[in-house]
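Tertiary structure, described
What follows is each chain in one-letter form.
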Amino acid sequence: MKLLRTKMWSWSNIGQLKVSVLLLGMIVGAYFNDFVIHYVWIILIAAGLLAIRPAVAYLKD
């Protein structure tokens, strides 16, 4: 399996990946903020769910 390859991404996959990375960045960058710590599991689950479809589309033949 070739991991790094050229692939055309759809606009929805790019958008989902960007939102996923944004939510993950909120957790890492503002870890000591009370709001983010209070909702860390909800944000983490949302980031994971948004990252699934682009990852599957990338790894699919």
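Everything that follows concerns the structure shown earlier in this document.
Notes on the structure follow. Note that the structure is predicted; figures quoted are calculated from it, not measured.

Quick look at helix α1 (residues 11-29)
Compared with an ideal rise of 1.5 Å per residue, which puts 19 residues at 27 Å, α1 spans 26 Å between its outermost C-alpha atoms and is within 8% of the ideal. Turning to α1, its buried residues are Asn-13, Ser-20, Leu-23 and Ile-27. Looking straight down α1, one finds its buried side chains confined to an arc of 100 degrees; they lie on one side. Projecting away from the buried face of α1 at angles above 90 degrees are the exposed residues Trp-11, Lys-18, Val-21, Leu-22 and Gly-29. The elements touched by buried residues of α1 are α2 (34-38) and α3 (40-59).

A short note on the packing of α1 against α3
Running from N to C, α1 and α3 point in directions that differ by 150 degrees, and their axes come no closer than 8 Å. Accordingly, the angle class assigned to the pair α1 and α3 is roughly antiparallel. The handedness of the crossing between α1 and α3 is left-handed. For the pair α1 and α3, contact is made by Ser-12, Asn-13, Gln-16, Leu-17, Val-19, Ser-20, Leu-23, Leu-24, Met-26 and Ile-27 and by Val-40, Ile-43, Leu-44, Ala-46, Ala-47, Leu-50, Ala-51, Arg-53, Pro-54 and Ala-57, respectively. Partitioning the contact of α1 with α3 into residue classes produces 15 nonpolar, four polar and one charged.

Rules behind the numbers
Residues numbered from 1 in each chain as written. Predicted model: local features only at pLDDT ≥ 70, side-chain atom pairs only at ≥ 80, totals over all residues. Heavy atoms only, no water. Helix = DSSP H or I, 4+ residues; strand = E, 2+ residues; numbered from the N terminus. Expected span 1.5 Å × (residues − 1). Buried < 20%, exposed > 50% of the residue type's maximum accessible area, 1.4 Å probe, protein only. Arc of directions from axis to C-beta. Contact = heavy atoms within 4.5 Å. Axes fitted to C-alpha atoms, helices over the stretch in contact; angles between N-to-C directions. Parallel < 35°, antiparallel > 145°, perpendicular 65-115°, else oblique. Left-handed = near helix turned anticlockwise from the far one by under 90°. Nonpolar A, V, L, I, M, F, W, Y, C, P; charged D, E, K, R; others polar.

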